[in-house]
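# Commentary on secondary and tertiary structure
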Amino acid sequence: MCSRWVKKTLYSLIALSMLAFQCRILYGLESELPLFWESFGIEQSPWSKSVTDSLRYWWFGIKIEVILWLYTLMNFRIKTIILTLIPSLLVIFALLWAIYDPTMINNFRNLNS
């Protein structure tokens with residue numbers, strides 16, 4: 001019995017930390033990063049521009065992930081854990097790609113040459 005609560009707590013810590021990380025990335029994309037790129041004269045890549053143009057939909061995705069997290073706590077099985085964590089990891093990867101897109105980094109290197 002206690003083991004199940006420990007597993008749920010550990011899962012909750014992982015899931016909530018991933019959600020917090022996504023919120024931080026979205027906040028940065030919304031307010032700080034476009035100004036940072038503009039100050040260095042870096043042109044956004046098409047992927048990064050499409051992400052920053054559709055940020056309100058990315059916030060909606062976080063709400064869906066919270067609902068999935070609550071569903072997983074009620075129905076705690078490996079399938080539901082995977083259903084929650086894998087999409088969260090994919091969203092984090094997509095958001096980080098919008099920030100650290102290699103074409104933007106190459107554009108910055110070309111500006112400094």
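Quick note: structure is the one above.
Below you will find a few notes about this structure. Residue indices follow the written sequence of each chain, beginning from 1 at its first position. The predicted nature of this model means local features are confined to residues of pLDDT at least 70 and side-chain atom pairs, given and counted, to a pLDDT of 80 or more, with totals for whole chains, interfaces and linings taken over all residues. The side-chain quantities take in all heavy atoms of the structure and omit both hydrogens and water.

Before going further, it helps to spend a moment on the overall build of the protein. Helix and strand assignments follow DSSP, with helices taken as H or I runs no shorter than four residues and strands as E runs no shorter than two, numbered in order from the N terminus. In terms of regular secondary structure, the protein is built from 5 helices and 0 strands. Secondary structure elements of the protein occur, N-terminal to C-terminal, as α-α-α-α-α. Here the term buried applies to any residue with accessible area under 20% of the maximum for its type, exposed to any over 50%, and partly exposed to those in between, with areas from a 1.4 Å probe on protein chains only. Taking all 113 residues of the protein together, the buried fraction comes to 33%. For the protein, the computed accessible surface area is about 7700 Å², with 71% contributed by carbon and sulfur atoms. The Shrake-Rupley method, run with a 1.4 Å probe, gives the accessible areas here. Residue values count only the displayed protein chains as cover.

On to a nonpolar patch on the surface, then. Two distance rules govern patches: like charges are joined within 9 Å, and nonpolar side chains (Val, Leu, Ile, Met, Phe, Trp, Tyr) within 5 Å, applied only to residues with over 30% relative accessible area and no salt bridge. Only one rule defines a salt bridge in this text: a Lys or Arg side-chain nitrogen within 4 Å of an Asp or Glu carboxyl oxygen. On the surface, Ile78, Ile82, Ile86, Leu89 and Leu90 cluster together into a nonpolar patch covering about 500 Å² of accessible area. By relative accessible area, Ile82 is classed as partly exposed at 46%.

A separate point is the packing of helix α3 (residues 55-74) against helix α4 (residues 78-99). An axis is simply a line fitted to the C-alpha atoms; with a helix, the fit covers only the stretch in contact. Between two such axes, the angle follows the N-to-C directions and lies from 0 to 180 degrees. At their nearest, the axes of α3 and α4 sit 9 Å apart, and the two run at 160 degrees to each other. On the basis of the axis angle, α3 is roughly antiparallel to α4. Classified by chirality, the crossing of α4 by α3 is left-handed. The segment α3 lies against α4, with Trp58, Glu65, Leu68, Trp69, Tyr71 and Thr72 engaging Thr80, Ile81, Leu83, Thr84, Pro87, Ser88, Val91, Ala94 and Leu95. Each residue is assigned to one of three groups, with Ala, Val, Leu, Ile, Met, Phe, Trp, Tyr, Cys and Pro labelled nonpolar, Asp, Glu, Lys and Arg labelled charged, and all others, Gly among them, labelled polar. Partitioning the contact of α3 with α4 into residue classes produces 10 nonpolar, 4 polar and 1 charged. Put simply, angles under 35 degrees are roughly parallel, angles over 145 are roughly antiparallel, angles from 65 to 115 are roughly perpendicular, and the rest are oblique. If you view the pair so one helix is near and one far, a crossing is left-handed when the near helix is turned anticlockwise from the far one by less than a right angle, and right-handed when it is turned clockwise. In this description, contact between two residues means that some pair of their heavy atoms is separated by no more than 4.5 Å.

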